[in-house]
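One letter stands for each residue in the lines below.
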Amino acid sequence: MKRVFLDTDVVMDFLTKREPFAMESMKLMEYGNRKQLELNISSLCLSNLHYLISRTENKTRAREKVKGMLKLVETLSVHKSTVEKAAYSEFKDFEDAIQNFCAAEHGIQSIITRNVKDYSKSNLSIQTPKEFLTEFEKTK
């Protein structure tokens, strides 16, 4: 089964049904639910999701949505080594650097994000949800 790492923006698209991106994120989650893909996120992602959703909805809804995500994805730990690599990297955005090195440290070679340019310093495969789904659906 193919392992992929989801950036926070893709998960937010799913949880908030953010258009025009909701359908692609829903497809990714469905493939994960059917065990056709292993979906991974970082522990940092869960913290960010809770914060963002609690600002637009409320803390109770944010907590419920985080609990729901725990059933759909594997949560990867962010270690000190992850943060160190991010801090000394050439990534412009520190959070994206943490996400990148978290995926890499856990042996995941593919990150799915809507912000591909933010990962220009990455050695991993970086694709939008649409690009990934187009390729994935050809091979399944």
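Overview of the structure. (Residues numbered from 1 in each chain as written. Predicted model: local features only at pLDDT ≥ 70, side-chain atom pairs only at ≥ 80, totals over all residues. Heavy atoms only, no water.)

A short note on the packing of aromatic side chains
As enumerated under the stated definition, the model contains four aromatic pairs in all. With 5.0 Å between their ring centres and 70° between their planes, Tyr31 and Phe136 make a pair best called edge-to-face. On the criterion of sequence distance, the pair formed by Tyr31 in helix H2 (residues 22-33) and Phe136 in helix H7 (residues 129-139) is long-range, its members being 105 residues apart. Summarising the burial analysis for this pair, Tyr31 and Phe136 share the class buried. Ring geometry for Phe91 against Phe101: centres 5.8 Å apart, planes inclined by 65°, an arrangement best described as edge-to-face. Of this pair, Phe91 sits in the loop between helix H5 (80-87) and helix H6 (94-105) while Phe101 sits in helix H6, placing them ten residues apart in sequence. One aromatic cluster in this structure is built from Tyr31, Phe132 and Phe136. The ring of Phe21 has Arg114 sitting right over it, with the charged end atom 3.8 Å from the ring centre. (Phe/Tyr/Trp six-rings, centres within 6.5 Å; stacked < 30°, edge-to-face > 60°. Helix = DSSP H or I, 4+ residues; strand = E, 2+ residues; numbered from the N terminus. Buried < 20%, exposed > 50% of the residue type's maximum accessible area, 1.4 Å probe, protein only. Lys NZ or Arg CZ within 6 Å of the ring centre and 35° of its normal.)

As for helix H1 (residues 8-16)
Buried residues dominate H1, accounting for seven of its nine residues. Of all the residues in H1, the buried ones are Thr8, Asp9, Val10, Val11, Met12, Asp13 and Leu15. Looking one or two residues beyond H1, the residue adopting positive phi is Lys17, at roughly 50°.

Focus on the environment of Asp96
Tracing the chain through its elements places Asp96 in helix H6. Once the C-alpha coordinates of Asp96 and His79 are considered, the two residues, 17 residues apart in sequence, prove to be 15 Å apart. In contact with Asp96, other than residues within four places in its own chain, are Asp7, Phe91, Asp118 and Tyr119. (Contact = heavy atoms within 4.5 Å.)

In short, geometric facts, not functional conclusions.
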